[in-house]
Amino acid sequence: MSLETHKWRAYWVGVSIAAVTILDMTKVNTALPALETALGASSTELQIIVAGYVLTFGLALVPAGRIGDQRSRKTLFLVGLIVYTGMSMVAGFAGDPTTLLIARLLQGVGAGIQMPQVLGTVQELFQGKERGKAFGLFGATVGLATAFGPGLGGLAIELGGPVDGWRWIFWMNLPLGLLLILGVILFIPAAPKKQRETLSLDPIGVLLFAVTVIALMWPFLFTTGSAEDDPTRWWLLVVFAVALAAFIWWESRYARRGRAPLVPLALFRKRSFRNGLMVGTLYFAGLPPMFLLITIFMQQGLGLSALIAGLITTGFALSSAYASWWAGARINAMGAKLIVVGMIIVLSIMVSMAAAASFLPHAWIPWIVAGLLFVGGIGGGLVVSPNQTLLLEDVAVREGGLAGSVAQLGQRIGNAIGTAVALSIYYATLSREAGAVPADQVPFDALRLGLVAVALLIALALIVAVVDLRGRGDAHDLIARASE
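Source: prediction; values computed, not measured. (Residues numbered from 1 in each chain as written. Predicted model: local features only at pLDDT ≥ 70, side-chain atom pairs only at ≥ 80, totals over all residues. Heavy atoms only, no water.)

### Here's the deal with the layout of surface pockets
Line of reasoning, step 1. Quantified by volume, the largest pocket comes out at close to 1,300 Å³.
Line of reasoning, step 2. Forming the boundary of the largest pocket are 45 residues, of which Leu32, Gln47, Val50, Leu292 and Leu423 lie nearest the centre.
Line of reasoning, step 3. At the level of secondary structure, the elements contributing two or more residues to the lining of the largest pocket comprise helix H1 (3–27), helix H2 (32–39), helix H3 (43–70), helix H6 (128–171), helix H8 (203–221), helix H10 (271–301) and helix H16 (400–433).
Line of reasoning, step 4. Counting residues per element, the lining of the largest pocket draws most heavily on H10, at nine residues.
Line of reasoning, step 5. For the lining of the largest pocket, the per-class residue count stands at 24 nonpolar, 14 polar and seven charged.
Line of reasoning, step 6. Estimates place the volume of the second largest pocket at around 580 Å³.
Line of reasoning, step 7. Around the second largest pocket sit 24 residues that line it, and Leu244, Phe268, Leu277, Leu409 and Ile413 are the ones nearest its centre. (1 Å grid on protein atoms, 1.4 Å probe; cavity = no way out; pocket = protein on both sides within 12 Å on 5 of 7 lines; lining within 4 Å. Points joined across faces, edges and corners; volume = space filled by probe spheres on them. Helix = DSSP H or I, 4+ residues; strand = E, 2+ residues; numbered from the N terminus. Nonpolar A, V, L, I, M, F, W, Y, C, P; charged D, E, K, R; others polar.)

### Regarding the confidence of the model for the chain
Line of reasoning, step 1. Counting all residues, the mean pLDDT for the chain is 85, and 94% of those residues have values of 70 or more.
Line of reasoning, step 2. A low-confidence stretch, residues 474–484 stays under pLDDT 50, and its non-local contacts, those more than four residues away or across chains, total zero contacts. (pLDDT = per-residue confidence, 0-100. Contact = heavy atoms within 4.5 Å.)

### Overview of the pattern of salt bridges
Line of reasoning, step 1. Counted according to the given criterion, the structure contains seven salt bridges.
Line of reasoning, step 2. Between Glu124 and Arg73 there is a salt bridge; the shortest N-O distance is 2.4 Å. Of this pair, Glu124 sits in helix H5 (residues 97–125) while Arg73 sits in helix H4 (residues 73–93), and the two are 51 residues apart along the sequence.
Line of reasoning, step 3. When the shortest N-O distance is used, the salt bridge between Asp164 and Arg167 registers 3.1 Å. Of this pair, Asp164 and Arg167 both sit in helix H6, three residues apart, which is roughly one turn of the helix.
Line of reasoning, step 4. Here Asp164 falls in the partly exposed class, since its relative accessible area comes to 35%.
Line of reasoning, step 5. Arg167 gets classed as buried once you look at its relative accessible area, which sits at 15%.
Line of reasoning, step 6. One salt-bridge network, in which partners are shared between bridges, spans Asp24, Lys27 and Arg104. (Salt bridge = Lys/Arg side-chain N within 4 Å of Asp/Glu carboxyl O. Buried < 20%, exposed > 50% of the residue type's maximum accessible area, 1.4 Å probe, protein only.)

### Structural notes on the environment of Lys27
Line of reasoning, step 1. Position of Lys27 relative to the elements: it lies in helix H1.
Line of reasoning, step 2. Look at Lys27 and you get buried, because its relative accessible area is 0%.
Line of reasoning, step 3. Sequence spacing of Lys27 and Trp235 is 208 residues, and the spatial spacing of their C-alpha atoms is 32 Å.
Line of reasoning, step 4. Those residues in contact with Lys27 that sit more than four places away from it in its chain are Gly149, Pro150, Gly153, Ile169, Met172 and Asn173.

### A word on H4
Line of reasoning, step 1. Along its 21 residues, H4 runs 30 Å from first to last C-alpha, staying within 8% of the 30 Å computed at 1.5 Å per residue.
Line of reasoning, step 2. Taken together, the buried positions of H4 are Arg73, Lys74, Leu76, Phe77, Gly80, Leu81, Tyr84, Thr85, Met87, Ser88, Ala91 and Gly92. (Expected span 1.5 Å × (residues − 1).)

### Quick notes on empty space enclosed by the protein
Line of reasoning, step 1. For the structure shown, the criterion picks out four cavities of 30 Å³ or more.
Line of reasoning, step 2. The volume enclosed by the largest cavity comes to roughly 120 Å³.
Line of reasoning, step 3. Around the largest cavity, the lining is made up of 15 residues, and of these Gly143, Thr146, Phe284, Leu287 and Val384 lie nearest the centre.
Line of reasoning, step 4. Mapped by element, the contributors of at least two residues to the lining of the largest cavity are H6, H10, helix H12 (314–328) and helix H15 (365–391).
Line of reasoning, step 5. Sorting elements by how many residues they give to the lining of the largest cavity places H10 first, with five residues.
Line of reasoning, step 6. Of the volumes computed, that of the second largest cavity is approximately 100 Å³.
Line of reasoning, step 7. Taken together, 13 residues make up the lining of the second largest cavity; nearest its centre are Gly280, Phe284, Asn387, Gln388 and Gln411.
Line of reasoning, step 8. Listing elements by their share of the lining of the second largest cavity, those giving two or more residues are H10, H15 and H16.

### Re the nonpolar core
Line of reasoning, step 1. Counting 69 residues, the largest nonpolar core has Tyr11, Ile17, Val62, Phe138, Met217, Leu221 and Phe273 as its most contacted members.
Line of reasoning, step 2. If you tally residues by element for this core, the top one is H1, at twelve residues.
Line of reasoning, step 3. One finds Ala336, Leu338, Leu373 and Ala455 within the second-largest nonpolar core, a separate group that totals 53 residues. (Core = buried A, V, L, I, M, F, W, Y, C linked by side-chain atoms within 4.5 Å.)

### With respect to a positive patch on the surface
Line of reasoning, step 1. On the surface, Arg253, Arg256, Arg257 and Arg259 cluster together into a patch of positive charge.
Line of reasoning, step 2. Along the chain, Arg257 turns up in the loop between helix H9 (236–256) and H10.
Line of reasoning, step 3. Taking the relative accessible area as the measure of exposure, Arg257 reaches 48% and is therefore partly exposed. (Patch = residues over 30% accessible without salt bridge, like charges linked within 9 Å, V, L, I, M, F, W, Y side chains within 5 Å. Areas by Shrake-Rupley, 256 points an atom, 1.4 Å probe, with all protein chains shown as cover. Lys, Arg positive; Asp, Glu negative; His and termini not counted. Charge placed at Lys NZ, Arg CZ, Asp CG, Glu CD.)

### Some points on the side chain of Ser385
Line of reasoning, step 1. Assignment of secondary structure puts Ser385 in helix H15.
Line of reasoning, step 2. Owing to a relative accessible area of 1%, Ser385 belongs among the buried residues under this scheme.
Line of reasoning, step 3. With residues near it in sequence (within four places) discarded, Ser385 still touches Phe135, Gly136, Gly139, Ser324, Ala327 and Gly328.

### Some details on the packing of H10 against H16
Line of reasoning, step 1. Look at H10 against H16: their axes get within 7 Å of each other, and the N-to-C directions meet at 40°. In terms of orientation, H10 lies oblique with respect to H16. Classified by chirality, the crossing of H16 by H10 is right-handed.
Line of reasoning, step 2. Grouping the amino acids of the contact of H10 with H16 by side-chain chemistry returns 17 nonpolar, nine polar and one charged. (Axes fitted to C-alpha atoms, helices over the stretch in contact; angles between N-to-C directions. Parallel < 35°, antiparallel > 145°, perpendicular 65-115°, else oblique. Left-handed = near helix turned anticlockwise from the far one by under 90°.)

### Notes on the packing of H12 against H15
Line of reasoning, step 1. Following both chains from N to C, one finds H12 and H15 inclined at 35°, their axes separated by 6 Å at the closest point. Of the two possible hands of crossing, H12 and H15 adopt the one that is right-handed. For the pair H12 and H15, the contacting residues are Gly315, Phe316, Ser319, Ser320, Ala323, Ser324, Trp326, Ala327 and Gly328 in the first and Leu373, Phe374, Gly376, Gly377, Ile378, Gly380, Gly381, Leu382, Ser385 and Pro386 in the second.
Line of reasoning, step 2. Each residue belonging to the contact of H12 with H15 can be placed in one class, and the counts come to nine nonpolar, ten polar and no charged.

### Concerning the packing of aromatic side chains
Line of reasoning, step 1. Following the criterion strictly, the structure yields 18 aromatic pairs and no others.
Line of reasoning, step 2. When the ring of Phe209 is compared with that of Phe247, the centres are 6.1 Å apart and the planes differ by 50°; the resulting orientation is tilted. Here Phe209 is found in helix H8, whereas its partner Phe247 is found in helix H9, with 38 residues between them in sequence.
Line of reasoning, step 3. Between the aromatic rings of Phe220 and Trp234, the centroid separation amounts to 5.1 Å while the plane-to-plane angle is 80°, which identifies the pairing as edge-to-face. Residue Phe220 is found in helix H8, and its partner Trp234 is found in the loop between H8 and H9; the two are separated by 14 residues along the sequence.
Line of reasoning, step 4. Judged by its relative accessible area of 33%, Trp234 falls in the partly exposed class.
Line of reasoning, step 5. One aromatic cluster is present, formed by Trp8, Tyr11, Trp12 and Phe126 through successive ring pairs.
Line of reasoning, step 6. Above the face of the Tyr53 ring, Arg104 is positioned so that its terminal group lies 4.0 Å from the ring centre.
Line of reasoning, step 7. Its guanidinium or amino end placed over the ring of Phe57, Arg412 lies 5.4 Å from that ring's centre, counting from NZ or CZ. (Phe/Tyr/Trp six-rings, centres within 6.5 Å; stacked < 30°, edge-to-face > 60°. Lys NZ or Arg CZ within 6 Å of the ring centre and 35° of its normal.)

Structure below.
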């Protein structure tokens, strides 16, 4: 087997792991009504089943990325997959909400361990134009996983029935996990011992990091938009501010002593990384919540089945996959312009869906949303893979896993904040307009206002992308003048 063939096989194993991990973030959403019926789960337990996965996923990302960079990504892949697959089985056999909740939290840990190794492996295996192609295919695969998740979850419930259909959402991870474990063993290269660094975990940094992430994500993850939400949770943002200041101080001090900090703050002095991180965080604050709003609206507002509600998003998946592949092959020539164009397309379809919910006949909405999402997928494909490529362009290979994990954490934080904003507005509208507005109009108003909120987050991402594009143009001009 040639080195080139082995490299691409390792790549597809890693990208498949990322796809399965992301898939689990969206397909479980469709199972919440079934879990409530089958297990008698309370609204709080349902919230933790979804939000807890995101929280533990985010907590594991950066430490796992750091360890993978220092030692063996192959070992971390295997550890993450074993935990993830094992907990998927436990979740599928759960007979009560508590068991499912614990399994889901540990499943998130497994996902967080393995995801940074994917980006670190891509960064290590590919350079130059080939890296753009690799990230283009990566973006296509993740886009498919994100958008197909609700449909796959709905199909599992449809085939398995209302009582046990939700179990198949977790059980399907067993054959996938076993195949991926075999793929890691056969195709992921082991790090040569002479290249492995002395393991430095920065335990105080890890503790401060954990407090910072939990304090930031907790109030957003546990926002449902209902009147029962505890407003005192927002005081955790004060804890976040204090913990973040302490974390920055400690990491700076740790680095000055010649030690390897958990997160090298020098990463944030790289313009490409800093801007790419902000773009990705804001973009993921808007896009996944859009899918969640549409899925909830189609089921609760229009009475469609979980399967049909999920299938409506498949057009986005298909066009996004093609656009990501197309953009990956052209990122070196077109650069950040692709991201700006993609953002404009995504923002336009969000505004168009909000307008359709306000002015067009209700019976048209599923068809219009499906068509607009197909167009929006083109924009989404122009954003994700180019931004991933440009974000890492100035990052050293030895820090690829860490930098990728920070970017992934930004996406999870953005997702948590955007989801909290979208759900709060959606359910607050349902509550406020109940009895005051015709019942068949209320969910359309809730969808419209929720879409406007997430569109504003995408607009912020667009502003950052434009600023980054202008800065890159200025830098190129300086380089050109210096060479004259």
